[in-house]
Number of protein chains: 2
Amino acid sequence: MARTAGSHSALTAPRIRAAAQSLFARHGFAAVSMRQIAAEVGVQVGALYNYTPDKQSLLFDLMVDHLDDLMRALDAEPLPEDPMQALEGFARFHIRHHAARPEAVFIAYMELRNLSPENFAQVEALRHRYEDRLTAILTRGQAEGQFRIGDPRITTMAIIAMLTGVNTWFRETGRLRLDEVETMYWDMTRQLVGG
Amino acid sequence: MARTAGSHSALTAPRIRAAAQSLFARHGFAAVSMRQIAAEVGVQVGALYNYTPDKQSLLFDLMVDHLDDLMRALDAEPLPEDPMQALEGFARFHIRHHAARPEAVFIAYMELRNLSPENFAQVEALRHRYEDRLTAILTRGQAEGQFRIGDPRITTMAIIAMLTGVNTWFRETGRLRLDEVETMYWDMTRQLVGG
DNA sequence: CCTTGATCTGAACGCACGTTCAGTTAATAA
DNA sequence: TTATTAACTGAACGTGCGTTCAGATCAAGG
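Not measured: the values here are computed from a predicted model.

Some words on the protein's contact with DNA strand D
- Neighbouring DNA strand D are 31 residues; A:Ser9, A:Gln44, A:Tyr51, B:Ala2 and B:Tyr49 lie closest to it.
- Counted by atom, the contact set of DNA strand D within 4 Å of the protein is 65% sugar and phosphate.
- Contact between DNA strand D and B:Gly6: a phosphate oxygen at 2.8 Å from a main-chain N or O atom of the residue.
- Taken together, the elements giving at least two residues each to the surface near DNA strand D come down to helix 1 (9-27) of chain A together with helix 2 (34-41) of chain B.

Below, the structure is given as structure tokens:
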């Protein structure tokens with residue numbers, strides 16, 4: 001046997017991505033085999049190599065696409081002049097965006113050490129660009145006397161860690177709706193910066 | 001060849017633990033082989049099985065010991081009556097304790113999915129007990145009107161995520177000393193609870 | 001000094017891994 | 001209808017995996 005009925009790269013490619021993302025998130029990159037991914041897609045393992053040069057590229061592409069998606073989505077958000085409003089926008093956006101794609105977020109945070117040094121550097125640079133957006137808001141608010149904070153860079157790390165932490169416990173089926181969580185975390189963020 | 005000169009379980013056991021911890025933290029549990037651990041210790045792979053029934057137990061024991069250590073250390077801390085002072089004690093303790101053992105912390109957070117369901121439940125229970133200490137402080141401070149917070153449980157998760165985040169960027173060789181970081185994060189924590 | 005038990009070696013087990021590739025079939029263009 | 005290309009199969013490659021175990025050597029107590 002060979003080419004199968006209905007097979008098409010425009011269909012198979014996203015299914016491979018989805019299978020890899022789901023399996024990497026559940027079991028971890030190192031614990032997932034190419035054969036498992038192929039089985040989830042419904043092809044033989046060799047077919048995967050029409051779509052990726054190797055296993056690591058599968059992981060790298062997932063991360064880069066996730067971070068590109070994140071940056072594009074942030075750029076599409078309004079950026080109010082007022083630092084407090086800008087901070088609220090960022091906090092709410094961060095929670096909403098991350099809660100909507102827990103698998104991609106999980107992988108992007110947990111599998112960094114499985115990247116080659118060059119790939120790691122690229123991913124880190126993308127993440128840095130995102131963090132810089134928050135740092136800019138904090139620096140502006142501090143300069144305008146609205147925020148009572150110390151080092152804006154440290155504050156950035158603290159806020160992002162706090163907000164991203166939502167993904168470790170939030171479940172759609174839990175007692176709180178996401179918009180309630182969003183408001184609770186915005187309240188905490190606001191107080192954290194002295195507002 | 002067989003038993004080697006100077007070999008003793010009291011020496012080999014901790015060296016196996018240390019090697020496993022170091023390698024798991026650096027490369028991840030699934031990516032580390034028993035042969036790598038043995039090589040780091042300087043024995044053949046078979047010798048490891050005098051000390052652990054299998055690979056997973058090595059991971060589980062590291063996690064449990066870390067969490068036991070964490071609870072014992074917290075219990076050894078003074079617990080002031082005043083909620084604000086108690087919170088300061090907790091925040092500073094958390095940062096100090098975690099910064100001192102980054103490998104154990106990293107493993108305890110990243111390798112949960114490599115545990116069997118029973119082992120996972122045990123580790124989760126231990127972590128919950130630790131979190132409960134912070135929740136108790138927050139609940140008391142809220143009842144006494146000192147803290148301006150919402151749900152104490154959510155606030156617990158937010159604070160712990162923020163504080164633990166220090167480990168992702170702090171380096172001994174960086175521009176900030178740990179006691180400076182400690183104070184910065186305590187300032188943020190205090191403001192977060194409305195103090 | 002001798003015995004006993006602790007400690008480790010060296011080899012082996014079957015299995016799964018990532019990757020490659022010649023060959024085969026389906027889709028598509030001419 | 002035919003020729004071409006896209007998509008996939010099936011089998012194979014060498015390697016490393018976790019775990020087991022009989023046997024060899026060392027440490028320690030009497």
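Re helix 1 of chain A
Residues and elements named next belong to chain A.
- With 19 residues, helix 1 should cover 27 Å at 1.5 Å per step; its first-to-last C-alpha distance of 26 Å lies within 8% of that length.
- Burial in helix 1 covers these residues: Thr12, Ile16, Ala19, Ala20, Ser22, Leu23, Phe24 and Ala25.
- Tucked inside the fold, the buried residues of helix 1 contact helix 2 (34-41), helix 3 (55-76) and helix 5 (102-110).
- Two residues or fewer past helix 1, Gly28 is found with a positive phi of approximately 95°.

Digging into the packing of aromatic side chains
Residue and element names in this part refer to chain A.
- Under the criterion given, the structure shown has eight aromatic pairs over all chains.
- An angle of 65° between the planes, with centres 5.1 Å apart, marks the rings of Phe24 and Phe29 as edge-to-face. Per residue, the accessibility class of Phe24 equals that of Phe29, and both read buried.
- The structure contains a cluster of three or more aromatic residues connected by ring pairs, namely Trp169, Phe170 and Tyr185.
- Stacked on the ring of Phe29, the Lys or Arg Lys55 has its end atom at 4.4 Å from the ring centre.

Remarks on the relation of the copies chain B and chain A
- At an RMSD of 0.0 Å, chain B and chain A line up after a rotation of 180° and a shift of 0.0 Å along the axis. Between the two chains, the operation in question is that of a two-fold axis.

Structural notes on the interface of chain B and chain A
- Taken together, the contact between chain B and chain A spans 32 residues of the former and 32 residues of the latter.
- Both faces combined, the contact of chain B with chain A buries some 2,500 Å², and carbon together with sulfur accounts for 61% of it.
- Among the residues of chain B in contact with chain A, B:Arg113, B:Ile154 and B:Gln191 are the three that bury the most area, contributing 28% of the side total.
- Between chain B and chain A we count four salt bridges in total.
- A salt bridge links B:Asp151 to A:Arg175; its shortest N-O distance comes to 2.0 Å.
- Inspection of the region where chain B meets chain A yields 10 residue pairs in polar contact (both at pLDDT 80 or more).
- The set of elements that each furnish at least two residues to the side of chain B that touches chain A consists of helix 1 (9-27), helix 5 (102-110), helix 7 (152-164) and helix 9 (178-192) of chain B.
- Per-element tally for the side of chain B that touches chain A: the top contributor is helix 7 of chain B, with six residues.

Notes on the domain arrangement of chain A
Residues and elements named next belong to chain A.
- Domain parsing of chain A yields domain 1 (7-52) and domain 2 (54-192).
- Contacts between domain 1 and domain 2 engage 15 residues on the former and 15 residues on the latter.
- Here domain 1 and domain 2 share an interface that buries about 1,400 Å² over both sides, 67% of which is from carbon and sulfur atoms.
- For the interface between domain 1 and domain 2, the tally reads one salt bridge.

Definitions and cut-offs
Residues numbered from 1 in each chain as written. Chains lettered and ligands numbered in written order. Predicted model: local features only at pLDDT ≥ 70, side-chain atom pairs only at ≥ 80, totals over all residues. Heavy atoms only, no water. Near = heavy atom within 4 Å. Polar contact = N/O pair within 3.5 Å; in protein donor to acceptor, adjacent residues only side chain to side chain. Helix = DSSP H or I, 4+ residues; strand = E, 2+ residues; numbered from the N terminus. Expected span 1.5 Å × (residues − 1). Buried < 20%, exposed > 50% of the residue type's maximum accessible area, 1.4 Å probe, protein only. Contact = heavy atoms within 4.5 Å. Phe/Tyr/Trp six-rings, centres within 6.5 Å; stacked < 30°, edge-to-face > 60°. Lys NZ or Arg CZ within 6 Å of the ring centre and 35° of its normal. Least-squares fit on C-alpha atoms with pLDDT ≥ 70 in both. Buried area = accessible area lost by both parts, 1.4 Å probe. Salt bridge = Lys/Arg side-chain N within 4 Å of Asp/Glu carboxyl O. Domains from an automatic or database assignment.

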